[in-house]
Amino acid sequence: MGPEAVAGAAVEAAVSFEVLPALDVAAGRLARPGAGGAVPIEAFGGDPVAAAEAFAAAGARWLHVVDLDLARSGEPANLGLVRRLARLPLRVQASGGIVEPVHLEAFLEAGAARVVLASAAFADQGGVARAVERFGEALVVGLEVEDGAVRPRGRGAELSLAEAVAAVRAAGAARVLVTAVGRVGGLGGPELGAVRAVAEGVGRPVLAAGGIAAVEHLRALARVPGVEGAVVGRAALDGVLDLRAALAELA
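Residues numbered from 1 in each chain as written. Predicted model: local features only at pLDDT ≥ 70, side-chain atom pairs only at ≥ 80, totals over all residues. Heavy atoms only, no water.

(A) How the structure looks around the side chain of E228. Within the secondary structure, E228 is located in strand β12 (residues 227–232). By relative accessible area, which is 17% here, E228 ends up buried. Here E228 is in contact with S16, F17, E18, R114, R175, P205, V206 and L207, once residues within four sequence places are set aside. (Helix = DSSP H or I, 4+ residues; strand = E, 2+ residues; numbered from the N terminus. Buried < 20%, exposed > 50% of the residue type's maximum accessible area, 1.4 Å probe, protein only. Contact = heavy atoms within 4.5 Å.)

(B) Quick peek at the environment of L143. Mapped onto the elements of the fold, L143 is located in strand β7 (residues 139–146). Under the relative-accessibility criterion, L143 is labelled buried at 0%. If we ignore the near neighbours within four places in the chain, the residues touching L143 are S119, F122, V150, A164, V168, V176, L177, V178, T179 and V198.

(C) A look at the side chain of Q93. Take Q93: it is sitting in strand β5 (residues 91–95). A distance of 2.9 Å separates the side chain of Q93 from the side chain of R114, its partner in a polar contact. What Q93 contacts, discounting residues up to four positions off in sequence, is L20, W62, L63, H64, V65, R114, V116, V140, L207 and V231. (Polar contact = N/O pair within 3.5 Å; in protein donor to acceptor, adjacent residues only side chain to side chain.)

(D) Local environment of the packing of helix α5 (residues 101–109) against helix α6 (residues 125–135). Between α5 and α6, the least distance of the axes is 11 Å, while the angle of their chain directions is 25°. Looking at the two axes, α5 sits roughly parallel to α6. Remark: the crossing between α5 and α6 carries right-handed chirality. Contact with α5, carried on its side by P101, L104, E105 and L108, involves A131, R134 and F135 of α6 and no other residues of that element. Across the contact of α5 with α6, the residue classes tally to five nonpolar, no polar and two charged. (Axes fitted to C-alpha atoms, helices over the stretch in contact; angles between N-to-C directions. Parallel < 35°, antiparallel > 145°, perpendicular 65-115°, else oblique. Left-handed = near helix turned anticlockwise from the far one by under 90°. Nonpolar A, V, L, I, M, F, W, Y, C, P; charged D, E, K, R; others polar.)

(E) The arrangement of the layout of surface pockets in detail. By volume, the second largest pocket amounts to about 170 Å³. Forming the walls of the second largest pocket are 13 residues, and the residues nearest its centre are V99, P101, G127, V128 and A131. Top contributing element to the lining of the second largest pocket by residue count: α6, with six residues. Here the lining of the second largest pocket is built from residues that sort into eight nonpolar, one polar and four charged. (1 Å grid on protein atoms, 1.4 Å probe; cavity = no way out; pocket = protein on both sides within 12 Å on 5 of 7 lines; lining within 4 Å. Points joined across faces, edges and corners; volume = space filled by probe spheres on them.)

Structural data, given as structure tokens:
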């Protein structure tokens, strides 16, 4: 291989660390999960499109959208909103307890670039492997982690983290999202131990979520080999994190 080819390969291998601001939505509006259902929030007047436009203006290239209605009722009630968001200069990663192939397909048809397969899907590990084969790079396998185990919110069987990692690796997933369940909605920082264990075990690009609220948290994740990005929810939406500065520093 000549010098030019080596240089080209190095450039191709250099991947920037992505910061994905997140929006939880219910009935087409910004919300947060509550004990009795989705709770409306005041940020951006409750308008997810306005929030997404602000994130795009700050330099975000991806938007993580959580369909709370799907997570609660099993029906994707926010596909129309996903279509609107997908028209913005952002790529949409759709999430929200997505298990069924028909729902994965529906979000992709609505314009999402990627969909997150919920941890509840591990109740049928053969189904996970089939979804990976069918959707390829467009599929992100979600691992909801708490106390060293994968504990799906809602439904599904609990797995040890080692079992889940082995299943993801065997399925050949293109990408994994590790969500620290106990840290979601908090500002205390990511679960670095679990993220590192998954990144080492799956040998695939990993995204992290849960508790991420500061540039220091993002820097710590970026130093973990195999971690390519982080999903930032409350901190980005409430302005706790200066998203523009974070994106500029981590790019």
